[in-house]
Each structure stands twice: as C-alpha cells, then as structure tokens.
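For reference, the chains in residue letters:
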Amino acid sequence: MGKITAFVNQKGGVGKTTVCVNLAACLAGRGKKVLVVDVDPQGNATASVGCKKNDAPFSVYDVILGGTAAENAVVKTPVKGLFLLPSSIDLVGAEVELVYLKNYEKRLISRINGLKDDYDFIFIDCPPSLGILTLNALAAADGIITPALCEYFSLLDLGRLTNTVKIVKNKINPALTADGVIINMYDGRSLLSREIYGEIRAHFGEKVFDTVIPKNVKISESPGFGVPVTLHDNRSRGALAFETLAEEFLAKCN
C-alpha cells in the first residue's frame, strides 16, 4: 500500500513544488510508481511535468467536488512511472464550496484512498497557505515533508507549521507524522545561510534531511521545459542532489 506524503509550507517561494516534483521523478527513476496530486490552484506541479489543460479532461477539482473517480483523472507524465492528478483554475473557489460540505476536511482522502494500492508513493503538493485545501492534504497524509529556506522568516514559519501539525494530529488525523525538513536553494557561501541551517538542525535534529538542494540554474529552468531537472540536465548539481535526496528519502521514509 502506497504512502501518502504532503509537501507543506505556508510560506510561498520556498520551492515546495520543485522539491515535490523532482523527488517524485527521481523515485520513479528507481522503479517506484509515484503519483503527484496537485491541490494548489496555481497548478505549478501540473505545469512542471508539461501537463496542459487539453491534456487532462479532469482535474483534482472534479475529483473532490464532482463525481469524477480519481483514477479517471490521473494522467501520464514524460517520466516513466510518474503520474499526475492535475490541478485546475477551478480550485480557486474550492475552499468556499468545501466549507459548506459535511466532513469537508476529509473530502480529499475519501476520494483518493482507493489509489493507495496502485502506487508506491502518493505526493500531495499543497498551496502556500494553511487553508482548507491544505487541511484536506494533512487529513489525507501519512506524513508531511516541509521544504524550507535558510532564511529567518522560514525558521519562524517552521515553528508555526509544527504547531498546526500537532492540532491536525490531535483533532483530525492521529496517524500523521512529520517526516522531515528539506533545505532547498541552499547557498553554502552565505554566512547567514550556514547560521540558519545550524539553527534548523539544532531545533529539528534528525528530522532534517542530510541532503540539501543547492541553488542551481538548471532546477530553475526545468519547469519552463515541462520536465523535472533530471530530464532537463541529469548531470547538473541540482539533478545529482535530487538523486541523492531520493536515496535518503527511501532510507528514511519508506
């Protein structure tokens, strides 16, 4: 049965989608069958694997709020073994619609739970907020991963997110675990980055992945080509870092 992992950080601009999609692609490259569920109305995960509106007749909106079965909304990606449940602009109004439904926070898990037997891993890419869509992701997840930057405000947001996870665990999803923090866009030349990294390490200990994702132009370029960085340039520092992260993820979270 596949494990559901939510990639969550209420702070925008931390590269949450980049980590989610590229880690998923590297796991698929190791023979795992992986599904990315894009519940962010911005649809960045969807675009990052080259999926356009005409490629996907249904979206996660149709699954959560319509009568579409989740398996009918899943589409293939350019990466063998990597599949996508795409986002759509309709998700912008989904939170308003969901709040009037009974058990609205469990709407997502009730729709995708049946997919767990079909995949080794299901990754949920969340919006950069702690709204109803993210709450649905936390209610559905077995664990969460938090991509973070080595910046002061990112450190504060990690503390707030930790409190939110505790609330969700106590009231909605007792099985939810915090699987780890992944440092993204790391610049080891910066004294501030090194200091913040040390503070994150001191506070979260073994929850922090040893692998850090560096600032790398190839990672930034790859969404424009609609492919993960491993297909864009598999010899780049960014691609090699994600390959190492995939190995660590399998050891830590499998």
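Residues numbered from 1 in each chain as written. Predicted model: local features only at pLDDT ≥ 70, side-chain atom pairs only at ≥ 80, totals over all residues. Heavy atoms only, no water.

### Brief notes about the nonpolar core
Part 1 of the argument: Core analysis: the biggest nonpolar cluster contains 38 residues, and Leu35 and Ile124 have the highest contact counts within it.
Part 2 of the argument: Residue contacts for Ile124: discarding those within four places in its chain leaves Ile4, Thr5, Ala6, Phe7, Val37, Val39, Leu108, Ile112, Ala137 and Ala140. (Core = buried A, V, L, I, M, F, W, Y, C linked by side-chain atoms within 4.5 Å. Buried < 20%, exposed > 50% of the residue type's maximum accessible area, 1.4 Å probe, protein only. Contact = heavy atoms within 4.5 Å.)

### Observations regarding the pattern of salt bridges
Part 1 of the argument: A complete count under the given rule lists eight salt bridges for this structure.
Part 2 of the argument: In this structure, Lys3 and Asp179 form a salt bridge, with 2.8 Å as the shortest nitrogen-oxygen distance. Taken together, the positions of Lys3 in strand β1 (residues 3–7) and Asp179 in strand β7 (residues 177–183) put the pair 176 residues apart, joining distant regions of the chain.
Part 3 of the argument: A relative accessible area of 18% means that Lys3 is categorised as buried.
Part 4 of the argument: Its relative accessible area of 11% is what places Asp179 among the buried residues. (Salt bridge = Lys/Arg side-chain N within 4 Å of Asp/Glu carboxyl O. Helix = DSSP H or I, 4+ residues; strand = E, 2+ residues; numbered from the N terminus.)

### Some thoughts on the packing of helix α8 (residues 152–171) against helix α9 (residues 191–204)
Part 1 of the argument: It is the contact of α8 with α9, at a shortest axis distance of 10 Å, that shows an interaxial angle of 15°. On the basis of their axis angle, the class for α8 and α9 is roughly parallel. For the pair α8 and α9, the sense of crossing is right-handed. Across from Tyr152, Leu155, Leu158 and Thr162 in α8, the residues of α9 making contact are Ile196, Glu199, Ile200 and Phe204.
Part 2 of the argument: Split into classes, the residues belonging to the contact of α8 with α9 amount to six nonpolar, one polar and one charged. (Axes fitted to C-alpha atoms, helices over the stretch in contact; angles between N-to-C directions. Parallel < 35°, antiparallel > 145°, perpendicular 65-115°, else oblique. Left-handed = near helix turned anticlockwise from the far one by under 90°. Nonpolar A, V, L, I, M, F, W, Y, C, P; charged D, E, K, R; others polar.)

### Regarding the packing of aromatic side chains
Part 1 of the argument: Under the counting rule described, the total for this entry stands at six aromatic pairs.
Part 2 of the argument: Measuring from ring centre to ring centre gives 5.9 Å for Phe83 and Tyr119, while their planes differ by 65°; the resulting arrangement is edge-to-face. Placement of Phe83 in strand β4 (residues 82–85) and of Tyr119 in the loop between α6 (107–112) and β5 (121–125) is noted, with a sequence separation of 36 residues between them. Considered together, Phe83 and Tyr119 belong to a single accessibility category, that of buried residues.
Part 3 of the argument: On the numbers, 5.7 Å between centres and 80° between planes, the contact of Phe123 with Phe249 is edge-to-face. Placement of Phe123 in strand β5 and of Phe249 in helix α12 (residues 237–253) is noted, with a sequence separation of 126 residues between them.
Part 4 of the argument: Ring pairs connect the aromatic residues Phe7, Phe121, Phe123 and Phe249, which therefore count as one cluster.
Part 5 of the argument: Here the basic side chain of Lys33 rests over the ring of Phe83, its NZ or CZ set 5.5 Å away from the ring centre. (Phe/Tyr/Trp six-rings, centres within 6.5 Å; stacked < 30°, edge-to-face > 60°. Lys NZ or Arg CZ within 6 Å of the ring centre and 35° of its normal.)

### Regarding the confidence of the model for the protein chain
The predicted structure's coordinates, where accompanied by low pLDDT, should not be read in detail.
Part 1 of the argument: This prediction gives the protein chain a mean pLDDT of 91; 99% of its residues lie at or above 70.
Part 2 of the argument: At the low end of the mean pLDDT range in the protein chain sits α8, at 81; at the high end sits strand β2 (residues 34–38), at 98. (pLDDT = per-residue confidence, 0-100.)

### With respect to the pairing of β5
Part 1 of the argument: The element β5 is largely enclosed, with a buried count of five among its five residues.
Part 2 of the argument: Alternating positions in β5 separate into two faces, Phe121, Phe123 and Asp125 on one and Ile122 and Ile124 on the other, with burial throughout.
Part 3 of the argument: Summarising the sheet, β1 and β5 pair through five bridges and their orientation is parallel. Paired with Ile4 across the two strands is Ile122, which belongs to β5. (Pairing = 2+ DSSP bridges.)

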